[in-house]
Amino acid sequence: MSDTFPFTEDDFAVLLAEGEELVAALEAALLAMETSFRQGQVPDPEVVAAAFRAAHTLKGSSAAVGLRALSALTHAMESVLDGVRHGDGLTGGELELLFRALDHIRGQLVRLSEVLGEGGPEALVRVGGEEDPRAGELVHLLTGAGSAPGEGDRLPVSAQRDHVPPEGGDHLAAEGDRLRGTSERVLQVEVRFHEQCPMPAVRAYQVVMALEDVGEILESDPSLEEIEGEQVDRVLRVILETALPADQIRARLARISDVVGVMVDAREEAAVGRGGPPGEAGRLPGGGGLLGGYGRPASEGRGRVPGEGGGVPREGGAGSGGAGLGIPPGAGGLSRSVRVDVRILDELMNLAGELVIQRTRLGRLLSDAQLQDDDLERAVEDIGRVAAQLQEQVMKTRMVPLENLFRRFPRMVRDLAAAAGKEVNLVVRGERTELDRAVMEEIGDPLVHILRNAVDHGLESPAEREAVGKPRAGTIVLEAQHEENYVLISVRDDGRGIDVERVRGKAIAAGLVSADEARELADPDVINFIFAPGFSTSDRVTEVSGRGVGLDVVRRNVQRVGGTLEVDSRPGQGAEFRMRLPLTLAIIRCLLCQWGDEIYALPLGHVDEVAEVDPEGLPTVYQKKVLLVRGNAVPFVPLGDVLGSEPAAIEFAVVVRAAGRQAALGVTGLLGDQEVVVKDLGAWLGNVRGMAGATILGDGRVALILDVAAVLRRRTRAPAA
Amino acid sequence: MPGERALVVFQLGEEEYAIDVNRVREVVRVDRITRVPGAPAYVRGVINLRGRVVPVIDLRQRLGLNPAPAERPRIMVVEDGTALVGMLVDRASEVLRLQPGQMQPPDEILQEDDNGRFVEAVANLEGRLVVVLRPGDLLAREDRQAVADIIVS
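Anyway, here's the lowdown on the structure attached to this text.

Parameters at a glance
- Residues numbered from 1 in each chain as written.
- Chains lettered and ligands numbered in written order.
- Predicted model: local features only at pLDDT ≥ 70, side-chain atom pairs only at ≥ 80, totals over all residues.
- Heavy atoms only, no water.
- Contact = heavy atoms within 4.5 Å.
- Buried area = accessible area lost by both parts, 1.4 Å probe.
- Salt bridge = Lys/Arg side-chain N within 4 Å of Asp/Glu carboxyl O.
- Polar contact = N/O pair within 3.5 Å; in protein donor to acceptor, adjacent residues only side chain to side chain.
- Helix = DSSP H or I, 4+ residues; strand = E, 2+ residues; numbered from the N terminus.
- Nonpolar A, V, L, I, M, F, W, Y, C, P; charged D, E, K, R; others polar.
- Expected span 1.5 Å × (residues − 1).
- Buried < 20%, exposed > 50% of the residue type's maximum accessible area, 1.4 Å probe, protein only.
- Pairing = 2+ DSSP bridges.
- Phe/Tyr/Trp six-rings, centres within 6.5 Å; stacked < 30°, edge-to-face > 60°.
- Lys NZ or Arg CZ within 6 Å of the ring centre and 35° of its normal.
- 1 Å grid on protein atoms, 1.4 Å probe; cavity = no way out; pocket = protein on both sides within 12 Å on 5 of 7 lines; lining within 4 Å.
- Points joined across faces, edges and corners; volume = space filled by probe spheres on them.

**Regarding the interface of chain A and chain B**
Facing the 25 residues of chain A at the interface are 29 residues of chain B. Together chain A and chain B conceal approximately 2200 Å² of surface at their shared face, both sides included; 62% is due to carbon and sulfur atoms. Of all residues in chain A, Trp684(A), Leu685(A) and Val702(A) bury the most surface against chain B, accounting for 37% of the area lost on that side. Counting the contacts that link chain A with chain B gives 1 salt bridge. With a shortest N-O distance of 2.8 Å, Glu598(A) and Arg35(B) are connected by a salt bridge. At the boundary of chain A and chain B, one finds 5 residue pairs in polar contact (both at pLDDT 80 or more). Residue assignment for the side of chain A that touches chain B shows that the elements contributing at least two residues are strand E13 (598–603), strand E21 (691–696), strand E22 (702–706) and helix H21 (708–717) of chain A. For the side of chain A that touches chain B, the leading source of residues is E21(A), giving 3 residues. Across the side of chain A that touches chain B, the residue classes break down as 12 nonpolar, 5 polar and 8 charged.

**Let's talk about helix H10 (residues 342–369) of chain A**
Residues and elements named next belong to chain A. The end-to-end C-alpha distance of H10, which contains 28 residues, comes to 40 Å, matching closely the 40 Å that a straight helix rising 1.5 Å per residue would cover. Every buried residue of H10 is listed here: Leu345, Met349, Ala352, Gly353, Glu354, Ile357 and Leu366. Where H10 is buried, its residues contact helix H11 (374–397), strand E12 (587–595), strand E20 (669–677) and E21. Gln370 sits one or two positions beyond H10 and adopts a positive phi of about 50°.

**Some thoughts on the pattern of salt bridges**
Residue and element names in this part refer to chain A. Going through the model one piece at a time under the given rule, you end up with 46 salt bridges over all chains. Two residues, Arg411 and Asp103, come together in a salt bridge whose shortest N-O distance is 2.8 Å. Separated by 308 residues along the polypeptide, Arg411 in helix H13 (residues 409–420) and Asp103 in helix H4 (residues 92–129) bring together distant segments of the chain. With relative accessibility at 8%, the residue Arg411 sits in the buried group.

**A short note on the side chain of Arg414(A)**
All names here are of chain A. Locating Arg414 in the fold gives a position in helix H13. For Arg414, a relative accessible area of 15% gives the class buried. For Arg414, the side chain forms a polar contact with the side chain of Asp415, separated by 2.8 Å. Once you skip the residues sitting within four places of it in the chain, Arg414 turns out to touch Leu31, Glu34, Glu96 and Phe99.

**Overview of unusual backbone geometry**
Residue and element names in this part refer to chain A. Of note, the amide linkage connecting Asp221 to Pro222 takes the cis form, showing an omega dihedral of 0°. Positionally, Pro222 belongs in the loop between strand E2 (215–221) and helix H8 (224–228). Its identity as a non-glycine residue notwithstanding, Gln372 has a phi of 55°, on the positive side. By the element assignment, Gln372 lies in the loop between H10 and H11. Relative accessible area serves as the criterion here: at 65%, Gln372 is assigned to the exposed category.

**Some details on the environment of Ile239(A)**
Inspection of the secondary structure assignment puts Ile239(A) in strand E3 (residues 235–242). Along the sequence, Ile239(A) and Val189(A) sit 50 residues apart, while their C-alpha atoms lie 6.3 Å from each other.

**Observations regarding the sheet that holds strand E16 (residues 624–629) of chain A**
Spatial strand order, E14-E18-E19-E17-E16-E15 (chain A): 6 strands in an open sheet with mixed pairing. Two strands in the sheet have a free side with no partner beyond their single neighbour: strand E14 (607–612) and strand E15 (620–621) of chain A.

**Points about the packing of aromatic side chains**
What the rule picks out here adds up to 4 aromatic pairs over all chains. Ring plane angle 90° and centroid distance 6.4 Å describe the contact between Phe531(A) and Phe577(A), whose orientation is recorded as edge-to-face. One end of the pair, Phe531(A), is in the loop between helix H18 (523–527) and helix H19 (551–560); the other, Phe577(A), is in strand E11 (residues 574–582), and 46 residues separate them in sequence. Across the pair, Phe577(A) and Phe531(A) agree in class, each one buried. Aromatic side chains Phe10(B) and Tyr17(B) sit 6.2 Å apart centroid to centroid with 20° between the ring planes, which places their arrangement in the stacked category. Given the relative accessible area of 0%, Phe10(B) is considered buried. We note Arg414(A) situated over the ring of Phe99(A); from NZ or CZ to the ring centre the distance is 3.9 Å. The ring of Tyr42(B) carries the charged tip of Arg62(B) above its face, separated from the ring centre by 4.3 Å.

**Details of empty space enclosed by the protein**
Empty space among the atoms can be located by rolling a probe the size of a water molecule over them. Throughout the structure, instances matching the rule amount to 3 cavities of 30 Å³ or more. Looking at the second largest cavity, its volume works out to about 40 Å³.

Given below as structure tokens:
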């Protein structure tokens, strides 16, 4: 592997796409194991098996592309986990090592994807062939601490038979032991890959790895060299010596992606003694010679049975939005999905939106022309329907399950809790809820911040909790759900709640409110100060929470995507942060308002109500006009004043709300509400304060979409008129 | 011929200006420009260029010339990296090929003026003077920070 690098970008795409999933699956399993150990229980055998499978598949895919350091590391992890499977137990130190190894793998995968993005597969030669001392160190630690005697060679099959599975222990292992105890036979295994399998060589390698695990490969066609050289057709034939029954082998292979058919046959006549020494079975590619020659299996020409063994390709999952998403752990695979650059999706979205707009325009031109041509009208209608469907489908490609974001939180909360000396159970619900990728990208940081807040400030220490009769471990519930065109995400803890008096004091100290005013404020209003710029409730700066970023930034980030963030608190019982997010950023419902001959779009999520007004007749408070909305005096501001437009005759008021503030915007006309396709103002202009973007109306003109929160900020900072 | 330059020539009032042909995407006529409150003063607004929202700058104002807009100005769409920017011009007339010898650096009086930084050269074609502009400087957003400050204050 020194001179040539026989792996393509696609091979790496498999590793990277699956890697992320597998690392996540492994992490989830390790966390669950840790919880069990902490509670003095034997971990669920299914969980241990899942961890083992994830490590094993990672080993296979990294080995398949020649990443020796990573495959050695995953092999070491696998060995330790195998020990657990067989009832060896696990020390806290070992578990910590496994977590560190996991972090290292995750880091390497990120690095690989960066390198791949920059320089293509050629650049990967550097990384692939590079020394990875950290991996070596971890392997050393893991093998030293773990149960496996040596990292290179797996234990001989018989050596593990003495293990007696613990009571209620790993039934898989027990089953394996029982099966391994039966006499070994020689089987011929024929595996067929999906016709559109993008990377048959990688899949073939996975099959080989999976088979090596259950027995000894005597021959294979194509040979390993050929597999490495990508000379793989749709069929792989292997002569295997194993104790495992055929159906077990079929089941194992069916788990590999793109495998559509597995046929297993007893092949007594193939019993040949040409297998390599057992110690070589764990060797990685590049070592060569693992699978020497091969012979044409006798079954040539025998009927193939596609689909046998249940290796049916999985559905891509509607709206899963590309590779690496929504794939069950351990299953891995790219079948039926492709990676698409988000920019292309954005462009597609743009074009689909444009098509819808042009259709509207066509319809209007047609009616203006008064042609009375039914066929033409039907054709335009059809185009409209197709355009709407196209838009909907393109929208779907942008939707991603929140799982992609949520799955990093269990580990994060674990580490935060450990650093803060607290015990925390994180409960995650509704992670299958889908959200526009662009929205999701914006809410990651806010959620991290809120979760940190909950661990650091919301939850009490175990001792404090016990003192007030709560369980030692605090609970944080992270929950997502759908509601009409919104997604609600809440973070709820059962901690001490927000200390209203402390917030009141801080708000006074920070000069946000006078002491007299503060006394008058109701508790919910006081709590809202935690979102004020420069406000921080914590006197002490923790390693992770106290980084100077306040909840004001969190709320602003949520608002930037058209969402809202609110908080509820019950003293002694906990706090709940609720985020309300639009399903998508690409299309929003807006109220179109006029100011003179200018048209502006106000996102409906911020519009409370509209009213007819006579600006001259409005009451004033402190010489400023207000509109009475159900008894509340709401500041009245002519929209044109905020935007520096020419004066015009106001006829309506639009009551808007953002960041807990309300205002009545005076406008000259209302054009009704409609869905608009959100566009940016062009890269050159970039962000303009007060504008959330632009949209193109049915008549082709551009209307600006107002950023209501920014408009309200401007209003309140403007000097009194 | 080595050193030869191809330029798009356009009019602002009585004067002729030019910009490198490679930067010019197209010249369009648009009836409606949507004003963008809060954008820099020389940004006239945004237009719909076949579904794409493109900002338009008032070139006269950017260059510090007297405002005397034509009745139906054209918009010359230039490329700034992957972004598009429209520039209001009175008329775009021709593509001109210039030899290196036909261009001279802007004279010192022009350079003293702050707006002189937009001028790369002046071409003298038998008495006809064409000011060759630097699109990079024209489109530089040195105001980016200032914009935000103005709106907040």
